[in-house]
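For reference, the chains in residue letters:
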Amino acid sequence: MTDLTGRVALVTGGTRGIGLATARALVEAGATVVLTGRDEARAKEAASAAGAAAGLVLDVTDAKAVSTLVRGVAKEHGRLDVVVANAGIMEDALLGMIREELVDTTLATNVGGTLHTVQAAARAMMRKKTGAIVVLASVVGQYGSAGQTVYAASKAAVANIARSAAKELGRSGIRVNAVAPGVIETDLTSGLSDEAKADNVAKTPLGRLGTAEDVAKAIRFLVSDDAAFITGQVLGIDGGLVL
Ligand code: NAD
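Keep in mind that this is a model prediction, so the values were computed, not measured.

Chemist: Before we go on, may I ask you to explain the packing of helix α3 (residues 63–77) against helix α4 (residues 100–126) in this structure?
Modeler: Pairs of packed helices are described in terms of their axes, by the angle between the two and the distance that separates them. At their nearest, the axes of α3 and α4 sit 9 Å apart, and the two run at 30° to each other. Note on packing geometry: the crossing formed by α3 with α4 is right-handed. Every residue of α4 that contacts α3 at Ala63, Val66, Ser67, Val70 and Ala74 is listed here: His116, Thr117, Ala120, Ala121, Arg123 and Ala124. Classifying every residue of the contact of α3 with α4 by side-chain character gives seven nonpolar, three polar and one charged.

See below:
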């Protein structure tokens with residue numbers, strides 16, 4: 001069993017789905033976990049459900065708010081060992097239907113939000129010269145997907161945030177990795193038709209869709225000492241799916 005006793009962890013977008021499952025998995029391994037959500041009541045409720053130490057309000061598109069929150073968590077708990085930049089959005093649009101607003105919101109949340117979180121995490125971890133960061137890429141960012149050009153572009157950028165930050169931060173003892181989930185059954189994918197789900201299952205060698213817990217367990221491994229020599233990687237959590 002992975003042991004994260006004594007570690008302090010922050011998970012953004014932790015009120016549901018992969019973020020909530022990750023908060024739970026880190027708590028199970030003994031970490032003190034702070035999760036964030038955009039709504040105060042939901043963040044507090046999720047924290048209580050996951051056994052987290054706190055549920056705080058954060059919009060990851062606000063760089064200053066991210067910086068203040070991360071600094072605050074590190075100060076309150078005396079350290080920050082693990083940061084999971086999970087918050088993200090997905091909205092489908094065929095090429096001809098892409099509005100500027102969709103581009104702006106998706107890039108501000110998925111790319112900007114991840115970048116702000118990694119920057120703030122690195123600043124907080126630099127002092128102790130140790131830490132592990134995981135960002136949420138996607139199988140779609142690796143292979144592309146019809147109707148998801150904006151999302152796919154944002155997730156390809158997220159993978160390269162991990163690869164680049166890992167190169168910069170390795171000598172400071174900070175590891176940065178990405179997970180690239182396949183199709184995971186959460187609110188994000190609840191709009192998929194049964195036909196689309198069946199199509200994805202058919203393309204998946206392991207023959208099923210993923211669960212939030214599948215992704216959470218891989219994240220827990222990546223932030224643990226079991227992954228001490230792993231950095232700059234983009235780990236597919238996709239049952240072998242190739243789009
Ligand atoms: P979800 O929609 O269930 O959860 C996303 C979380 O991010 C929510 O808590 C939401 O409130 C939060 N969030 C969104 N915008 C935010 C913002 N501006 N500031 C703060 N929080 C914000 O989705 P999920 O399926 O759990 O996805 C989690 C992450 O995994 C996302 O980055 C997503 O792109 C990625 N991912 C999901 C899948 C999948 O199939 N579900 C596949 C690949 C990657």
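Picking up after the structure, the text goes on.
Chemist: Just to check I follow, could you spell out the pairing of strand β2 (residues 32–37) for this structure?
Modeler: Both faces of the sheet carry side chains from a regular strand, because those side chains alternate between them. Of all six residues in β2, five are buried; the element is thus mostly enclosed. Bridging between strand β1 (residues 8–11) and β2 involves four bridges; their strand directions are parallel. When the bridges of β2 are listed, Val11 appears paired with Leu35. In this view, the connection linking β1 to its parallel neighbour β2 by way of helix α1 (residues 17–28) has right-handed handedness. Pairing analysis gives four bridges linking β2 to strand β3 (residues 54–57), with the strands arranged parallel. Pairing of Val34 across the sheet is with Ala54, part of β3.

Chemist: Can you walk me through the site of the ligand in this structure?
Modeler: Around the ligand sit 28 residues, and of these Arg16, Ile18, Asn86, Tyr151 and Thr186 come closest. Between an oxygen atom of the ligand and a main-chain N or O atom of Asn86, the distance comes to 2.8 Å. Contact between the ligand and Gly182: an oxygen atom at 3.3 Å from a main-chain N or O atom of the residue. Protein chains bury 96% of the 820 Å² of accessible surface belonging to the ligand in isolation. Looking at the shell around the ligand, the elements that each hand over two or more residues are α1 and α6 (149–169). Considered class by class, the residues forming the shell around the ligand number 12 nonpolar, 11 polar and five charged.

About the criteria used
- Residues numbered from 1 in each chain as written.
- Predicted model: local features only at pLDDT ≥ 70, side-chain atom pairs only at ≥ 80, totals over all residues.
- Heavy atoms only, no water.
- Axes fitted to C-alpha atoms, helices over the stretch in contact; angles between N-to-C directions.
- Helix = DSSP H or I, 4+ residues; strand = E, 2+ residues; numbered from the N terminus.
- Left-handed = near helix turned anticlockwise from the far one by under 90°.
- Contact = heavy atoms within 4.5 Å.
- Nonpolar A, V, L, I, M, F, W, Y, C, P; charged D, E, K, R; others polar.
- Buried < 20%, exposed > 50% of the residue type's maximum accessible area, 1.4 Å probe, protein only.
- Pairing = 2+ DSSP bridges.
- Right-handed = clockwise from strand over helix to strand, strands pointing away.
- Near = heavy atom within 4 Å.
- Polar contact = N/O pair within 3.5 Å; in protein donor to acceptor, adjacent residues only side chain to side chain.
- Areas by Shrake-Rupley, 256 points an atom, 1.4 Å probe, with all protein chains shown as cover.

Function-wise, these values are silent; they only describe arrangement.
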